[in-house]
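Understanding the architecture of this molecule
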There are 4 protein chains.
Amino acid sequence: MDSIERLTEFFRQFPGIGPRQARRFVYFLLTRDREYVKGLMESVEKVRQSVSICTSCFRFFTKEKASIHAGVFSSSSICQICSDTSRDTSLRMIVAKDADLEAVEKSHSYHGLYFVLGGNIPILEKNPEQKVRLRELNKLMESVGNRASEDKNNEPKKLKEIILSFSTNSEGEHTTLTIKQILEPFAEANGFKVSILGRGLSTGAELEYSDGNTISEALKNRS
Amino acid sequence: MDSIERLTEFFRQFPGIGPRQARRFVYFLLTRDREYVKGLMESVEKVRQSVSICTSCFRFFTKEKASIHAGVFSSSSICQICSDTSRDTSLRMIVAKDADLEAVEKSHSYHGLYFVLGGNIPILEKNPEQKVRLRELNKLMESVGNRASEDKNNEPKKLKEIILSFSTNSEGEHTTLTIKQILEPFAEANGFKVSILGRGLSTGAELEYSDGNTISEALKNRS
Amino acid sequence: MDSIERLTEFFRQFPGIGPRQARRFVYFLLTRDREYVKGLMESVEKVRQSVSICTSCFRFFTKEKASIHAGVFSSSSICQICSDTSRDTSLRMIVAKDADLEAVEKSHSYHGLYFVLGGNIPILEKNPEQKVRLRELNKLMESVGNRASEDKNNEPKKLKEIILSFSTNSEGEHTTLTIKQILEPFAEANGFKVSILGRGLSTGAELEYSDGNTISEALKNRS
Amino acid sequence: MDSIERLTEFFRQFPGIGPRQARRFVYFLLTRDREYVKGLMESVEKVRQSVSICTSCFRFFTKEKASIHAGVFSSSSICQICSDTSRDTSLRMIVAKDADLEAVEKSHSYHGLYFVLGGNIPILEKNPEQKVRLRELNKLMESVGNRASEDKNNEPKKLKEIILSFSTNSEGEHTTLTIKQILEPFAEANGFKVSILGRGLSTGAELEYSDGNTISEALKNRS
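Residues numbered from 1 in each chain as written. Chains lettered and ligands numbered in written order. Predicted model: local features only at pLDDT ≥ 70, side-chain atom pairs only at ≥ 80, totals over all residues. Heavy atoms only, no water.

As for the overall build of chain A
Test applied: The helix and strand labels rest on DSSP assignments: H or I over at least four residues marks a helix, E over at least two residues marks a strand, and numbering proceeds from the N terminus. Only protein chains enter the area calculation, which uses a 1.4 Å probe; residues under 20% of their type maximum are buried, those over 50% are exposed, and those in between are partly exposed. Contacts are assigned to residue pairs that have any heavy atoms within 4.5 Å of one another. To measure how exposed things are, a 1.4 Å probe is used in the Shrake-Rupley method; for residues, cover is taken only from the protein chains shown.
Scanning chain A from terminus to terminus reveals nine helices and six strands. Burial status across chain A gives 56% buried among its 223 residues. For chain A, long-range pairs separated by at least 24 residues make up 46% of all intrachain contacts whose partners lie at least 6 apart in sequence. A total of about 10000 Å² of accessible surface is found on chain A, and carbon and sulfur atoms cover 53% of it.

Next up, the structure:
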């Protein structure tokens with residue numbers, strides 16, 4: 001396998017990229033000037049160096065910004081959102097992945113904290129804790145209990161609600177149910193609520209073409 | 001224009017049919033045997049004769065069935081749903097068109113009565129009452145008031161709620177707002193509620209690809 | 001099954017129409033005024049009455065026009081194309097169906113006569129002559145031989161070429177091969193050519209995305 | 001702009017990649033292990049180092065392979081195809097870009113040499129020679145004339161034909177016409193042919209849905 005094919009193979013592993021487009025990426029890089037490729041490489045390096053995972057919500061974030069943000073460099077293990085004192089620390093939203101978190105941020109409708117699970121829980125998965133951050137979630141729940149976290153990274157003085165925000169496809173629903181079960185005992189013990197995103201008609205939906213399940217959920221959630 | 005072109009023109013007016021498919025319909029009819037075409041024609045005739053508009057909910061329904069259903073032929077101006085004594089007459093859902101009503105029926109999640117408005121209210125429409133059944137809606141509201149309807153076609157003894165079930169595209173939203181304004185005085189006067197279908201994530205939705213508006217509605221309606 | 005469902009079933013048999021759109025057709029007809037439906041019905045009747053199959057090329061055509069065209073009513077069993085003395089009767093193109101014939105006419109690139117086979121020959125079909133007009137094709141070939149046709153419907157004094165114009169999908173290719181075999185003896189006996197539409201790049205094709213077969217055909221047919 | 005956004009911007013410039021997928025690429029890289037990213041970076045470096053442009057046909061090729069192929073390292077400025085003595089050097093196909101060349105190679109229907117123009121000639125382009133390899137093409141044509149090339153990289157002893165293989169969209173057609181004009185004097189002077197890929201029905205095409213232009217080309221190229 002020559003270097004063109006080798007690089008094509010690398011690009012084929014990119015999300016949603018087939019062999020043909022992977023090959024086009026290679027030619028694209030070959031026709032770019034040295035500067036572009038140098039910039040791309042440095043940018044990849046920079047991301048790997050500067051981006052770390054927030055020890056509080058487990059989202060990816062860029063250190064430098066966080067340090068500027070949080071002022072002190074020591075706190076650079078906490079992301080901008082978690083270290084943003086203006087956010088409502090009594091709310092915690094659990095999402096599957098960073099892209100979901102960003103979609104929620106773009107909606108400007110949520111101002112609490114997050115917890116990135118690291119994916120959906122595969123149905124029939126024997127060891128889900130090896131696929132997603134169940135241990136970290138348990139730790140967070142315990143910290144909620146014994147308030148140990150309080151003085152550390154601004155953990156909620158009092159957690160009021162955990163919002164489960166997963167996709168409504170089968171894997172997402174399975175994840176919602178599983179996480180709900182895991183959280184219930186903590187919720188009772190610490191008196192916080194576990195809620196789920198509302199189901200119903202999405203923006204632009206046509207009633208005629210909506211599935212029965214969506215219609216019945218929309219009916220239940222009518223207001 | 002010869003007869004093939006003339007018939008093509010007729011089929012072009014069918015919903016969602018372009019010139020090419022319209023022409024294919026003509027050839028399709030030409031290659032069918034006499035019986036099929038005869039059956040089709042009779043079937044169209046039959047629909048026009050047997051189908052009438054329910055004087056209570058204004059949906060299309062087939063008389064014969066209604067008469068069988070309601071037992072007495074006199075009541076054949078009332079559709080099967082409106083004459084079904086097992087339905088909850090304290091609920092009335094307003095939909096734009098029959099296809100929407102059927103989508104709701106298919107969901108098996110609603111057992112009240114309906115009111116078919118006859119379409120969405122076009123934005124900037126000067127005389128909406130000429131496009132949709134606003135006069136009929138007003139009559140219904142008055143009848144709710146003066147109970148006149150009571151002994152006639154089983155109109156709700158007491159109307160508890162009117163559910164506005166319109167699409168969530170711009171025309172549908174406009175229709176929802178307009179109808180809500182029309183209904184409010186009656187709602188106050190007669191003590192019934194006006195509700196709207198819940199907004200949120202539809203079945204199978206992926207959070208990452210949901211628009212901000214849908215996410216913020218889903219957050220509002222979280223439970 | 002009530003009359004709405006019955007008519008829906010009829011529409012479902014229309015080419016490319018699913019249950020949902022079939023139902024929409026029914027509601028569409030119900031919301032049309034009497035005149036439209038009357039016009040539609042008459043138009044269907046008219047097509048059935050006025051359209052007949054040309055005894056020479058077997059395409060559908062509207063009689064009245066032909067009679068006007070051909071002047072004498074007796075010749076109304078021959079379509080406008082076959083009775084058009086300006087067309088080159090030494091060329092005969094065999095197509096699967098009327099829609100293909102029309103696509104060729106729209107291209108304004110062919111001025112010979114046609115023969116509508118009535119469909120492609122299904123692969124593995126035991127009795128193709130029951131599916132398509134193989135007997136009629138044989139008759140035409142014989143008439144070419146014994147010139148019997150000459151004085152009747154203006155059959156070519158001398159047939160120079162038969163062009164096989166079938167789709168290039170598997171069924172179309174199978175049809176091309178089968179018809180070619182059938183025609184060869186006649187071609188040799190009567191000294192006419194049997195040709196096939198050129199293969200190659202279609203208009204707007206991008207070389208990068210063209211399949212290998214198309215490219216190799218385009219190379220063979222380079223000029 | 002932080003490092004995640006910066007890398008996103010780089011990926012957005014990749015062919016056919018929008019902002020959302022670009023961002024997903026970044027997260028993809030963040031979730032890969034160190035080895036994958038290291039491998040990717042090295043692979044990009046390797047491609048940039050090892051891939052050069054063939055001085056004969058101007059396609060991209062990987063040096064090492066060529067040297068193995070051609071045996072002598074000195075010849076590493078000539079690609080595998082140009083240095084493949086089994087190819088028919090009397091044929092030269094001009095394509096717009098490497099991806100087109102590969103599509104032709106995949107078809108296994110051509111065994112001559114190539115010339116990669118470097119793109120289509122934009123319509124209304126004032127200085128096409130700044131966009132594509134017109135100077136190089138002219139050089140090649142001159143070399144064909146004065147046989148200078150003969151002993152160097154195995155240039156055809158006698159060039160018999162140049163095949164113009166461009167897409168059949170408007171830019172491709174424009175390029176074909178322009179290149180044809182440029183080549184004609186050389187063709188006359190040196191007695192080689194300039195041909196164009198055959199136009200007609202592509203594999204799987206349905207006659208009914210083929211545009212008039214394709215049908216008329218298919219008719220012209222019938223055989």
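So, the packing of aromatic side chains
Our working definition: Within 6.5 Å between ring centres, the rings of Phe, Tyr and Trp (the latter by its six-membered ring) count as paired, and their orientation is classed by plane angle as stacked under 30 degrees, edge-to-face over 60, tilted in between.
As enumerated under the stated definition, the model contains 42 aromatic pairs over all chains in all. When the centroid spacing of 5.1 Å and the interplanar angle of 50 degrees are considered together, the rings of A:F28 and D:F14 count as tilted. Separated into two different chains, A:F28 in helix α2 (residues 19-31) and D:F14 in the loop between α1 (3-12) and α2 (19-31) make up a pair that spans both. One aromatic cluster in this structure is built from A:F10, A:F11, A:F14, A:F25, A:F28, A:Y36, D:F10, D:F11, D:F14, D:F25, D:F28 and D:Y36.

Structural notes on the side chain of C:D98
All names here are of chain C. So the rule is basically this: We count Lys and Arg on the positive side and Asp and Glu on the negative side, and we leave His and both chain ends out. By salt bridge we mean one thing: a side-chain nitrogen of Lys or Arg within 4 Å of a carboxyl oxygen of Asp or Glu. Polar contact is the term for a pair of N or O atoms within 3.5 Å; when the atoms are in protein, one must be able to donate a hydrogen and the other to accept it, and sequence-neighboring residues count only if both atoms are side-chain atoms.
Mapped onto the fold, D98 is located in helix α5 (residues 98-106). Buried and unpaired, D98 has R59 as its nearest opposite-charge partner, separated by 4.8 Å. From its side chain, D98 meets the backbone nitrogen of F60 in a polar contact 2.8 Å long.

A look at the relation of the copies chain A and chain D
Selection rule: A least-squares fit on C-alpha atoms brings the copies together, and the residues used are those whose pLDDT is at least 70 in both copies.
In the superposition of chain A on chain D (RMSD 0.1 Å, axial shift 0.0 Å), the rotation amounts to 180 degrees. Expressed as a symmetry operation, the mapping of one chain copy onto the other fits a two-fold axis. Within chain A, A:M41 has its C-alpha nearest the rotation axis, a separation of 3.4 Å.

So, the interface of chain A and chain D
The cut-off we apply is this: The term buried area denotes the loss of accessible surface (1.4 Å probe radius) that occurs when two parts are joined, taken as the sum for both partners. Gly is put with the polar residues, along with every residue not named as nonpolar or charged; the nonpolar set is Ala, Val, Leu, Ile, Met, Phe, Trp, Tyr, Cys and Pro, and the charged set is Asp, Glu, Lys and Arg.
Across the boundary between the two partners, chain A contributes 46 residues, which contact 46 residues of chain D. The contact between chain A and chain D buries some 4400 Å² in all, and 68% of this surface belongs to carbon and sulfur atoms. Where chain A meets chain D, there are 18 residue pairs in polar contact (both at pLDDT 80 or more). Put simply, the parts of the chain that give the side of chain A that touches chain D at least two residues each are α1 (3-12), α2, α3 (34-50), β2 (60-62), α4 (63-70) and α5 (98-106) of chain A. Looking at the side of chain A that touches chain D element by element, the count peaks at 13 residues for α3(A). For the side of chain A that touches chain D, the per-class residue count stands at 22 nonpolar, nine polar and 15 charged.

Here we look at the relation of the copies chain C and chain D
Superposition record for chain C on chain D: RMSD 0.1 Å, screw rotation 180 degrees, translation along axis 0.1 Å. Taken as a fraction of all interface residues of chain C, those also at the interface in chain D reach 100%, which identifies the copy contact as same-surface.

What to know about the packing of α3(A) against α1(D)
To keep things clear, this is the line we draw: Between N-to-C directions, angles cover 0 to 180 degrees, with each direction set by a line fitted to C-alpha atoms, over the stretch in contact for helices. By convention, the crossing between two helices is left-handed when the near helix turns anticlockwise from the far helix through less than a right angle, and right-handed when the turn is clockwise.
It is at 9 Å that the axes of α3(A) and α1(D) come closest, and there the two elements cross at 145 degrees. Where α3(A) crosses over α1(D), the two elements pack in a sense that is left-handed. From α3(A), A:Y36, A:G39, A:L40, A:S43, A:V44, A:K46, A:V47 and A:S50 reach across to α1(D), where they touch D:S3, D:I4, D:R6, D:L7, D:F10 and D:F11.

A closer look at the pairing of strand β6 (residues 193-196) of chain B
Residue and element names in this part refer to chain B. What counts, and what does not: When DSSP finds two or more bridges between two strands, those strands count as paired. The path from the first strand over the helix to the second decides the hand: if it runs clockwise while the strands point away from the viewer, the crossover is right-handed.
Examined bridge by bridge, strand β5 (residues 161-165) and β6 share four bridges and lie parallel to one another. Bridging across to β6, I163 finds its partner in S195. Handedness of the crossover is the feature at issue here: the chain leaves β5, passes through helix α8 (residues 170-190), returns alongside β6, and the resulting connection is right-handed.

Overview of unusual backbone geometry
Despite not being glycine, B:F58 has its phi angle at roughly 65 degrees, a positive value. Its identity as a non-glycine residue notwithstanding, C:H108 has a phi of 50 degrees, on the positive side. Along the polypeptide, C:H108 turns up in the loop between α5 and β4 (112-116). Among the residues examined, C:H108 registers a relative accessible area of 64% and is labelled exposed.

Observations concerning the environment of B:L164
All names here are of chain B. You can see L164 is positioned in strand β5. Taking the C-alpha atoms as reference points, L164 and R92, 72 residues apart in sequence, are found 8.7 Å from one another. Once residues within four sequence positions are removed from consideration, L164 is found in contact with I94, T176, I179, K180, L183, V194, S195, I196 and L197.

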